[in-house]
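# Structural overview for review
One-letter residues, chain by chain:
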Amino acid sequence: MPNQEAQRDQKQSSSKRFLKIFLQVAVMIAMFAALLWYVGLDDLYNALLTIRVEYLVLAFLMYFGINVIFAFRLQRVLGKNNIKTSFGKTLLAQYAGMLTSDVTPGRAGYILTPVYLRDQNVPTSKSLSTILGIQTIEFLVKVAGGIGAVIYLVKYVPTTTWSEMFPQTFAGINVGIIIAILGIGLMLLGATVLALFTWSKRAIAIFNKIANIRFLKRFLGGIMGKLEEYKESAHTTQNAIPEILALTMICWVLKGFEWWLLGLALGIGNIPWIAFFLIHPLVTALAFVPLTPAGIGVQEFGIIGILGLLGVPVALAGAFAIIARGLLILEDLIGLPQIVKSTSLLFSRKKPQETTVTPTTQET
């Protein structure tokens, strides 16, 4: 009887997951259909024909540089926890995490990066606290960037343009500005939640209970690990905040160049680098809207709206949004072999060993 109940519960759980995924895919398809209708297939096709390949290649290299620094950042913080890793394997784990985030709602799949580090015998409790700590700082940086973007747009975009793009107002405030503020609020909420899970002892205890739920524990391969080890690692990650912040800022600068080069590839030459540098964190917030995988469709409409405020025609803005998304997914496919490898390791009968290096003098 207990086995039959367990099987019934498992079937119900599988049905719910299938329905949830189906609805998200349906919303994604509907969003993209609406996007193509809004932009116009002919205009989009003509815009894509104007691409200058040399700028596109440079943008691709900028994104590669960002992932290299991300991997270096991850390796450095793990090193402060006395965990030695191979840079090449860490880079593959970084790409695997990014690819997983590309296909999961709210980009939540990046939290599986610790799973992709297990082939280097990295204790998942330490890799998880490292990932959450890094993401907390990154979210806070994006909040600052989003605020900067709103200030920039309010200062340089004429009031008439705001009214044309977003004719509706709410309590006397333009809806476009309200949407931007909500995006910033979403990132701030994410940063707060991550900070609590990383550095609040009470929240860590709650997170430990959640992570050890039977289904999650099996799926994540015991990702939480030992709670005390997690707490120790979280404290070490706090000491690495200045280094995390510096490397995150470098990546933000490179992202500004990536988007600027994508703009030049499409002939968008009227927007300065500083604008792309500022608006990227604001638009990124839309990727965390859990309606579709990685906010697909939602983020693209956001890009079209913001570039429209800066005088970019809808067709060019739509082409920019689609290429920006495609570039990420195409390069993130580098991590696909690591996902396959880690998945086979996770579900193999042989349990992978996790080695903890005996603590020595930690870097500060």
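Read on for a plain summary of the structure. None of the values given here were measured: they were computed from a predicted structure.

Ranked by internal contacts, the top residues of the largest apolar core, which has 73 residues, are Trp 259, Leu 262, Ile 271, Ile 279, Leu 307, Leu 310 and Phe 320. With 10 residues, the top contributor of residues to this core is helix α6 (residues 124–156). The contact partners of Leu 310, leaving out residues within four places of it in the chain, are Tyr 152, Leu 153, Val 157, Asn 270, Ile 271, Ala 275 and Ile 279.

Once that is clear, we can look at the pattern of salt bridges. For the structure shown, the criterion picks out eight salt bridges. With a shortest N-O distance of 2.5 Å, Glu 243 and Arg 76 are connected by a salt bridge. Placement of the pair is Glu 243 in helix α12 (residues 241–265) and Arg 76 in helix α3 (residues 53–80), with a sequence separation of 167 residues. Across the pair Glu 243 and Lys 80 runs a salt bridge whose closest N-O atoms are separated by 3.5 Å. Within this pair, whereas Glu 243 is found in helix α12, its partner Lys 80 is found in helix α3, the two being separated by 163 residues in sequence. Here the residues in one salt-bridge network are Arg 73, Glu 138 and Lys 142, joined through shared partners.

Following both chains from N to C, one finds α3 and α12 inclined at 170 degrees, their axes separated by 8 Å at the closest point. By the angle class used here, α3 and α12 are roughly antiparallel. Across the contact of α3 with α12, the residue classes tally to 21 nonpolar, two polar and six charged.

Further remarks concern unusual backbone geometry. In this structure, Asn 82 is a non-glycine residue whose phi angle is positive, near 60 degrees. Considering the arrangement of structural elements, one finds Asn 82 in the loop between α3 and α4 (87–102). Of the residues examined, Asn 82 reaches a relative accessible area of 14% and is grouped as buried. Phi angles above zero are rare outside glycine, and Asn 121 is one such case at about 60 degrees. Mapped onto the secondary structure, Asn 121 falls in the loop between α5 (113–116) and α6. Overall, the relative accessible area of 32% leaves Asn 121 in the partly exposed class.

Here is what the cut-offs are and how they apply
- Residues numbered from 1 in each chain as written.
- Predicted model: local features only at pLDDT ≥ 70, side-chain atom pairs only at ≥ 80, totals over all residues.
- Heavy atoms only, no water.
- Core = buried A, V, L, I, M, F, W, Y, C linked by side-chain atoms within 4.5 Å.
- Buried < 20%, exposed > 50% of the residue type's maximum accessible area, 1.4 Å probe, protein only.
- Helix = DSSP H or I, 4+ residues; strand = E, 2+ residues; numbered from the N terminus.
- Contact = heavy atoms within 4.5 Å.
- Salt bridge = Lys/Arg side-chain N within 4 Å of Asp/Glu carboxyl O.
- Axes fitted to C-alpha atoms, helices over the stretch in contact; angles between N-to-C directions.
- Parallel < 35°, antiparallel > 145°, perpendicular 65-115°, else oblique.
- Nonpolar A, V, L, I, M, F, W, Y, C, P; charged D, E, K, R; others polar.

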